[in-house]
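Working through the structure, step by step
Here are the chains, one letter per residue:
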Amino acid sequence: MDLKDVLEKIRSSACPPNEASAKFHVIAPILRALGWDDSDGEQVLFEYSVGGGKKGGRVDIALKGKGKVLALIEAKAPNADLVTHVTQVLGYAFHEGVDICV
């Protein structure tokens with residue numbers, strides 16, 4: 001299924017009730033349509049430890065290629081105020097040295 005079809009299917013589906021469901025029913029299908037293999041634990045890492053120590057945390061999804069993390073994805077429940085979480089994912093990106101975070 002191409003990305004356009006995946007997005008149409010997501011749009012026509014019921015809104016996921018929580019963050020875990022959103023990761024499974026929204027983010028994972030989009031990643032697959034973009035060519036990421038979410039069953040490959042070397043490529044798509046769930047609950048990835050970032051930074052270490054007190055300043056680190058766990059990002060929901062890290063995308064890895066060529067031996068390094070390329071992008072971080074922080075999922076939130078539908079209808080969550082994403083503005084309040086921007087600092088969180090930007091902090092993860094800074095500590096990991098990643099240019100792309102979502």
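Scroll up to find the structure this text is about.
A few points on the structure. (Residues numbered from 1 in each chain as written. Predicted model: local features only at pLDDT ≥ 70, side-chain atom pairs only at ≥ 80, totals over all residues. Heavy atoms only, no water.)

Side note on the packing of helix H1 (residues 3-12) against helix H2 (residues 19-33)
Cut-off, in case you're wondering: Between N-to-C directions, angles span 0 to 180 degrees; the directions come from axes that are lines fitted to C-alpha atoms, helices contributing only their stretch in contact. Working definition: helices are DSSP H or I runs of at least four residues, strands are E runs of at least two. Numbering for both runs from the N terminus. The scheme is simple: roughly parallel for angles under 35 degrees, roughly antiparallel for over 145, roughly perpendicular for 65 to 115, oblique for anything else. Any two residues having at least one pair of non-hydrogen atoms within 4.5 Å are treated as being in contact. Under the scheme applied, nonpolar residues are Ala, Val, Leu, Ile, Met, Phe, Trp, Tyr, Cys and Pro; charged residues are Asp, Glu, Lys and Arg; polar residues are all the others, including Gly.
Across the interface, H1 lies against H2 with an axial gap of 9 Å and an inter-helix angle of 170°. If you check the angle between H1 and H2, you find them roughly antiparallel. Where H1 approaches H2, its residues Leu3, Val6, Leu7 and Ile10 are matched on the opposing element by His25, Val26, Pro29, Ile30 and Ala33. Here the residues of the contact of H1 with H2 sort into 8 nonpolar, 1 polar and no charged.

Comments concerning the sheet that holds strand E1 (residues 44-50)
Condition: Strands are labelled as partners when DSSP assigns at least two bridges between them.
The mixed open sheet is built from 4 strands, whose spatial order is E1-E2-E3-E4. Strand pairing shows two members of the sheet lacking a second neighbour, E1 and strand E4 (100-101), which therefore form its edges. In this sheet, E4 lies alongside strand E3 (residues 68-73) in parallel orientation, the contact comprising 2 bridges. The residue bridging leucine 72 from the neighbouring strand is cysteine 101, located in E4. Against the sheet, H2 touches E1, strand E2 (57-65) and E3, its axis set at about 10° to E2. The sheet strands contacting helix H3 (residues 86-96) are E1, E2, E3 and E4, and the helix crosses E1 at an angle near 85°.

Quick look at the nonpolar core
To keep things clear, this is the line we draw: What makes a nonpolar core is a set of buried Ala, Val, Leu, Ile, Met, Phe, Trp, Tyr and Cys residues whose side-chain atoms join them at distances within 4.5 Å. Residue burial is assigned from relative accessible area. The probe radius is 1.4 Å, only protein chains are included, and a residue is buried under 20% of its type maximum, exposed over 50%, and partly exposed in between.
Residues Leu45, Tyr48, Val50, Val59, Ala62, Val69, Leu72, Tyr92, Ala93 and Val98 constitute the largest nonpolar core, which totals 10 residues. Here this core takes 3 residues from E1, the largest share from any one element. Core analysis: the next-biggest nonpolar cluster, separate from the first, contains 8 residues, Ile27, Val44, Ala71 and Ala75 among them.

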